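Geometric and topological summary
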Amino acid sequence: DCCENFNSIISSITEEKEPFAEAYIELCDKETEEMIAEKDTSFFTQPITYFKEHINEFLYVEAAEFERIGVDSVCFEVDDVFGSYEALLGLKLQKKHDKAIKEYVRAHIDPDKGRFSMMFNANEGIWDINVSLDGLPGFDESFTVQEALSFIRTFLFGLMEAVEAA
């Protein structure tokens, strides 16, 4: 079963000691997209509920862990309207992979709890993807920022494997 494999990968990755040790981290204002503060990895111990308390902020992260799977950066925030936890990213895959990407996300997201959108950006040659993490199996509001980023990385790793297999 795909969800059992997904959950076992998640639990093994969230137990890693120092993922994202070399990450570049910014807190930014949603309205202006200007940096509020550059953070170090100690911010990763914050509970993700921080973003419900600071709804006007989003987290911007660049990390080798994401680059290895074709993602230059990830933004993490709470949606102002729905109150859901969102991952926004650019995935470096050719446009021809749209069917495999959609199939993978639809197979993993619970449409009653989350949603996703994707659009190919021809200028940059990447997929702009927005995924509601609340709809994915294993996501938990009690996560720390580091656990949420590891969760996102696991989801993306599975997506890339599915695209390669397609």
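Up top is the structure.
To keep things clear, this report deals only with the structure shown in the data block. (Residues numbered from 1 in each chain as written. Predicted model: local features only at pLDDT ≥ 70, side-chain atom pairs only at ≥ 80, totals over all residues. Heavy atoms only, no water.)

In contact at an axis separation of 9 Å, helix H4 (residues 98-108) and helix H5 (residues 145-165) are set at 130 degrees when each is read in the N-to-C sense. The angle between H4 and H5 falls in the class oblique. Read as a crossing pair, H4 and H5 show a hand that is right-handed. Between H4, through Ala-100, Ile-101, Tyr-104, Val-105 and His-108, and H5, the contact on the second element is made entirely by Phe-155, Gly-158, Leu-159, Ala-162 and Val-163. Tallied by class, residues from the contact of H4 with H5 come to 8 nonpolar, 2 polar and no charged. (Axes fitted to C-alpha atoms, helices over the stretch in contact; angles between N-to-C directions. Helix = DSSP H or I, 4+ residues; strand = E, 2+ residues; numbered from the N terminus. Parallel < 35°, antiparallel > 145°, perpendicular 65-115°, else oblique. Left-handed = near helix turned anticlockwise from the far one by under 90°. Contact = heavy atoms within 4.5 Å. Nonpolar A, V, L, I, M, F, W, Y, C, P; charged D, E, K, R; others polar.)

Side chains of Glu-62, Glu-67, Asp-72, Glu-124 and Asp-128 sit close together on the surface and give a patch of like negative charge. Its location among the elements puts Asp-72 in strand S4 (residues 71-78). (Patch = residues over 30% accessible without salt bridge, like charges linked within 9 Å, V, L, I, M, F, W, Y side chains within 5 Å. Areas by Shrake-Rupley, 256 points an atom, 1.4 Å probe, with all protein chains shown as cover. Salt bridge = Lys/Arg side-chain N within 4 Å of Asp/Glu carboxyl O. Lys, Arg positive; Asp, Glu negative; His and termini not counted. Charge placed at Lys NZ, Arg CZ, Asp CG, Glu CD.)

Taken together, the 7 strands give an open sheet; going across it, the order is S2-S1-S3-S4-S5-S7-S6, and neighbouring strands pair in antiparallel fashion. Both edges of this open sheet fall to strand S2 (35-39) and strand S6 (116-121), since each of them pairs with a single strand only. The mean inter-strand angle of the sheet, taken between neighbouring strand axes irrespective of direction, is 15 degrees. In this sheet, strand S7 (residues 126-132) lies alongside S6 in antiparallel orientation, the contact comprising 6 bridges. Within the sheet, the bridge partner assigned to Met-118 lies in S7 and is Ile-129. Each of strand S5 (85-91), S6 and S7 is contacted by H4, which is oriented at about 165 degrees to S6, the strand it contacts most. (Pairing = 2+ DSSP bridges.)

Let us now look at the environment of Cys-75. On the secondary structure map, Cys-75 appears in strand S4. Cys-75 sits 11 residues away from Glu-86 along the chain, and the two C-alpha atoms are 8.0 Å apart. Cys-75 has contacts with Phe-58, Leu-59, Tyr-60, Glu-86, Ala-87 and Leu-88, leaving out every residue within four places of it along the chain.

In this structure, strand S1 (residues 24-29) lies alongside strand S3 (residues 57-62), joined through 6 bridges in antiparallel fashion. The residue of S3 that forms the bridge with Glu-26 is Tyr-60. Sheet analysis places S3 next to S4, joined by 3 bridges and oriented antiparallel. Bridge assignment links Leu-59 to a residue of S4, and that residue is Phe-76.

Structurally, Ile-129 is set in strand S7. Apart from residues no more than four positions distant in its own chain, Ile-129 is found in contact with Ala-87, Leu-88, Leu-89, Leu-91, Ile-101, Ser-117 and Met-118.

Of all hydrophobic cores here, the largest spans 46 residues; its most connected members are Phe-66 and Leu-91. It is H5 that contributes the most residues to this core, 10 residues altogether. Discounting residues that sit within four places of it in the chain, Phe-66 has contacts with Phe-20, Val-61, Val-71, Val-74, Leu-149, Ile-152, Arg-153 and Leu-156. (Core = buried A, V, L, I, M, F, W, Y, C linked by side-chain atoms within 4.5 Å. Buried < 20%, exposed > 50% of the residue type's maximum accessible area, 1.4 Å probe, protein only.)

Right, let's talk about the pattern of salt bridges for a bit. In total, this model carries 5 salt bridges according to the counting rule given. Notably, a salt bridge pairs Lys-30 with Asp-80, separated by 2.5 Å at the nearest N-O pair. With Lys-30 in the loop between S1 and S2 and Asp-80 in the loop between S4 and S5, this residue pair connects regions lying 50 residues apart in the sequence. For Glu-103, the salt bridge identified is with Lys-99, shortest N-O distance 3.7 Å. One end of the pair, Glu-103, and the other, Lys-99, are both in helix H4, 4 residues apart, so they sit about a helical turn from each other. You can call Glu-103 partly exposed: its relative accessible area is 47%. Members of the salt-bridge network, linked through shared partners, are Asp-79, Glu-86 and Arg-115.

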